[in-house]
Amino acid sequence: SWGTESIDSTNAFSGSRSARIGKASPFGPTARISVSELGPEGRKQLYISAMVWAEDEFPDLSISYSFKNDSSDYGHKVIGMGQFVLESQQWIQIEHLVGLDEARDTLDDWIVYPYSNDKNGVYIDDLRYEIITLKD
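Residues numbered from 1 in each chain as written. Predicted model: local features only at pLDDT ≥ 70, side-chain atom pairs only at ≥ 80, totals over all residues. Heavy atoms only, no water.

1. What about the pattern of salt bridges?
The tally for this structure, following the rule as stated, stands at 3 salt bridges. Of the charged contacts in the structure, one is a salt bridge between R32 and D109, with a shortest N-O distance of 2.8 Å. In this pair, R32 is assigned in strand β3 (residues 31–34) and D109 in strand β8 (residues 109–115), connecting sequence segments 77 residues apart. Salt-bridge contacts for E130 lead to R128; the nearest nitrogen and oxygen are separated by 2.6 Å. (Salt bridge = Lys/Arg side-chain N within 4 Å of Asp/Glu carboxyl O. Helix = DSSP H or I, 4+ residues; strand = E, 2+ residues; numbered from the N terminus.)

This is how it looks when you write it as structure tokens:
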């Protein structure tokens, strides 16, 4: 399920809304997915794709994730994305592929969201996550 954190209709790439994240509201829409739905067991890669608009180049922007169960929230990871925004005040497509850590249990949930503490704010639209399972 997706959350609706920081949804804004001021500036969008496609459609009429995007997420404006920054110092005042640092968390973007959050997805919560059961680990069992991330695909077969094995080493996984996380592919991230999004359209980003920022006031300045190289904004403070990341994708963060963790695993959660009834007793703990663990495996926090922060993936820097701002370094891919080379131009300001226009929509830029960013893509990144990183290794995904393993959860302790398939009954746990995987939580993922964009995060920014940028003073000017960053717009993010058409955010997409793909999980790729690698054969050993």
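2. Describing the sheet that holds strand β6 (residues 73–80)
Across the sheet, which stays open at both edges, the 4 strands sit in the order β3-β8-β5-β6 with antiparallel pairing between neighbours. Each edge of the sheet is formed by a strand with only one pairing partner; in this case those strands are β3 and β6. For this sheet the average axis-to-axis angle between neighbouring strands, irrespective of direction, equals 20°. Where β3 lies against β8, 4 bridges are found, and the strand directions are antiparallel. (Pairing = 2+ DSSP bridges. Axes fitted to C-alpha atoms, helices over the stretch in contact; angles between N-to-C directions.)

3. Some words on the confidence of the model for the chain
Of all residues in the chain, 98% attain a pLDDT of 70 or more, and the chain-wide mean is 92. In the model of the chain, strand β1 (residues 7–8) stands out as the element of lowest mean pLDDT, 82, in contrast to strand β5 (residues 62–68), which has the highest, 97. (pLDDT = per-residue confidence, 0-100.)

4. Structural notes on the pairing of strand β4 (residues 44–54)
Burial runs high along β4: 11 of the 11 residues are buried. Because side chains alternate across β4, one face comprises the buried residues K44, L46, I48, A50, V52 and A54, and the other comprises Q45, Y47, S49, M51 and W53, equally buried. Sheet topology places β4 next to strand β9 (residues 122–133); 10 bridges connect them, and they run antiparallel. Pairing of S49 across the sheet is with R128, part of β9. (Buried < 20%, exposed > 50% of the residue type's maximum accessible area, 1.4 Å probe, protein only.)

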